[in-house]
Amino acid sequence: MELLRHDVLAATERRMARMIIYSRAGTTAFLLVPLVSWDRLALPWAAVCVAVLAAVEAVWFAVRAWRGGTLHDPALVWVDVLVSVVVMTVGSRAALPHERNVVLTALLPFCLATSAVLGFGFGWSRRAVASVAVLATAWTVSIYPNLTQKLVSDLLGFTLWFLIAVLIGRELRDLAGQTVLAQRLAEERQELLAEYKRRQEAMRQRESAHRAIHDDLLPIVERVAGSPSLDPPTARAARRAAQRARRFITDEHATAFADLMAEVAESAADLGLELTHVLRVHHDPPPEVGEVLASAAREALNNVARHAGEPKGVHLYAAAADDGVTVVVRDRGRGLPEGPVRRGGGMSRSFAAVERHGGSWTIERPPGGGTKVVLRWPEGRE
């Protein structure tokens, strides 16, 4: 975007430079007008000298401005001011005192163009205003002693050409800025439209895949998984495939912790468990915390498979938000024996790791039988 802005502003500066090049070249021709009355001039060679000087400066000005592509060139502006002052003072001496007003009228367009150069090049600045004042003073001195009402008109011309150039330059540069803004907005709209189309296509493809899995594939896999004629490993693999398919079509959050817990849920099929699960993962815990919570949940499922007996149904619930994580494993098996829960086996490893990472775990005997394991991180989360 910065490159685009630079290109647009540079193109605007080049256009303004060319406008002044054309003005400077055109107004130079007016310096030939006094030579028409050669025999009436006091110093005709002075008129020839200023005409030649102006023509040379106009060529130099055009070449430098065209190559530079800008009027923000102090050398360009100051040389033009100096040449105009020389044209005024020397050119006026070519005429007799009582005819200086006539000769300077022919020189006026060339000198007024310098005011425009100042306006485009320096804008509304102190040095530009001071330079216009210098031009006006030099004009007054050059026309002396023909101080008539026309002098007021001439001095007003210097001021107006400068102000008009300042205003035109400001408008053109503002227009360039608006063009850059419009192009940026257009590009952003194009990007948003392209992104919208990509999302719509992805959604369409996902919905098509969901329908195919839900309507065609999943019923077959579940029917195969429930077939009593299958060997246990194949049945477990079929149940795991069914769980993955259901996870895909329910659009569960694809975060790192959600993936870990989904793997835990899928491992239940290998243990011969009939698992239902709910994953509400909106924020990932630190990676090491997620690993120990998933390991503890997997150990809880192992305990269900080894000790809960029948039925093999188990429920897994995991919720993760920005304030912490809760994981619950609940079965309806034979439950725990009376008395305090004895730590040992997997509990001493996976569950102790939860505590080391700032979490907590509890084992409960819920009403209705079975066992409920609750893992929390950080400790004290409800």
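Everything discussed here concerns the structure shown above.
What you see is a predicted model; the values in this text were computed from it and never measured. (Residues numbered from 1 in each chain as written. Predicted model: local features only at pLDDT ≥ 70, side-chain atom pairs only at ≥ 80, totals over all residues. Heavy atoms only, no water.)

## Description of the nonpolar core
Core analysis: the biggest nonpolar cluster contains 39 residues, and Phe-61, Val-87, Leu-118, Trp-139 and Phe-158 have the highest contact counts within it. When contributions to this core are tallied by element, the ones reaching two or more residues are helix 1 (2-28), helix 2 (44-68), helix 3 (74-92), helix 4 (100-122), helix 5 (126-143) and helix 6 (149-225). With 11 residues, the top contributor of residues to this core is helix 4. The residues touching Trp-139, leaving out its near neighbours within four places in the chain, are Met-88, Leu-104, Leu-108, Cys-111, Leu-151, Asp-154, Leu-155 and Phe-158. (Core = buried A, V, L, I, M, F, W, Y, C linked by side-chain atoms within 4.5 Å. Buried < 20%, exposed > 50% of the residue type's maximum accessible area, 1.4 Å probe, protein only. Helix = DSSP H or I, 4+ residues; strand = E, 2+ residues; numbered from the N terminus. Contact = heavy atoms within 4.5 Å.)

## Brief notes about the environment of Ala-94
Tracing the backbone shows Ala-94 in the loop between helix 3 and helix 4. Here Ala-94 is in contact with Leu-41, Ala-42, Leu-43, Ala-46 and Ala-47, once residues within four sequence places are set aside.

## Observations concerning the pairing of strand 2 (residues 313-321)
The pairing of strand 1 (residues 274-281) with strand 2 spans eight bridges and is parallel. Along strand 2, the bridge assignment pairs His-277 with Leu-316. Pairing between strand 2 and strand 3 (residues 324-331): eight bridges, direction antiparallel. Of the residues in strand 3, the one forming a bridge with Leu-316 is Val-329. Hairpin connection, strand 2 to strand 3: the antiparallel pair is bridged by two residues. (Pairing = 2+ DSSP bridges.)

## Remarks on the packing of aromatic side chains
Evaluated as defined, the whole model comprises five aromatic pairs. Ring plane angle 75 degrees and centroid distance 4.9 Å describe the contact between Phe-351 and Trp-361, whose orientation is recorded as edge-to-face. Of this pair, Phe-351 sits in helix 10 (residues 346-356) while Trp-361 sits in strand 4 (residues 360-364), placing them 10 residues apart in sequence. With respect to class, Phe-351 is no different from Trp-361; both count as buried. One cation-aromatic arrangement involves Arg-18 over Trp-66; the distance from NZ or CZ to the ring centre is 4.6 Å. Here the basic side chain of Arg-24 rests over the ring of Phe-110, its NZ or CZ set 3.9 Å away from the ring centre. (Phe/Tyr/Trp six-rings, centres within 6.5 Å; stacked < 30°, edge-to-face > 60°. Lys NZ or Arg CZ within 6 Å of the ring centre and 35° of its normal.)

## Focus: the side chain of Thr-28
Inspection of the secondary structure puts Thr-28 in helix 1. Dropping the residues within four chain positions of it, Thr-28 is found in contact with Ala-54, Ala-55, Ala-58 and Phe-110.

## What about the side chain of Ser-115?
Secondary-structure assignment places Ser-115 in helix 4. Beyond its immediate chain neighbours, meaning those up to four positions away, Ser-115 contacts Leu-135, Phe-158, Trp-161 and Phe-162.

## A few points about the pattern of salt bridges
Once their charged atoms are close, side chains differing in charge can pair, the charge on each being opposite to the other. For the structure shown, the criterion picks out nine salt bridges. Lys-150 is the salt-bridge partner of Asp-154, the closest N and O atoms lying 2.9 Å from each other. Here Asp-154 pairs with Lys-150, and both are found in helix 6, just four residues apart, close to one helical turn. When its relative accessible area of 3% is taken as the criterion, Asp-154 is described as buried. By relative accessible area, Lys-150 is classed as partly exposed at 27%. Salt-bridge contacts for Arg-199 lead to Glu-195; the nearest nitrogen and oxygen are separated by 3.0 Å. In this pair, Arg-199 and Glu-195 both sit in helix 6, four residues apart, roughly one turn of the helix. Residue classification places Arg-199 among the exposed positions, given a relative accessible area of 56%. Residues joined by salt bridges that share partners form a network here, namely Arg-24, Glu-57 and Asp-80. (Salt bridge = Lys/Arg side-chain N within 4 Å of Asp/Glu carboxyl O.)

## Some words on helix 3
The terminal C-alpha atoms of helix 3, which comprises 19 residues, lie 27 Å apart, in line with the 27 Å expected from a rise of 1.5 Å per residue. For helix 3, the full list of buried residues reads Leu-76, Val-77, Asp-80, Val-81, Val-83, Ser-84, Val-87, Met-88, Gly-91 and Ser-92. In an axial view of helix 3, the angular spread of the buried residues amounts to 165 degrees, which keeps them on one side of the axis. (Expected span 1.5 Å × (residues − 1). Arc of directions from axis to C-beta.)

## Let's talk about a nonpolar patch on the surface
Nonpolar side chains collect at one region of the surface, where Met-19, Leu-156, Leu-160, Ile-164 and Ile-168 lie side by side and expose about 410 Å² of accessible area between them. Counting residues per element, the nonpolar patch draws most heavily on helix 6, at four residues. In this structure, Met-19 sits in helix 1. (Patch = residues over 30% accessible without salt bridge, like charges linked within 9 Å, V, L, I, M, F, W, Y side chains within 5 Å. Areas by Shrake-Rupley, 256 points an atom, 1.4 Å probe, with all protein chains shown as cover.)

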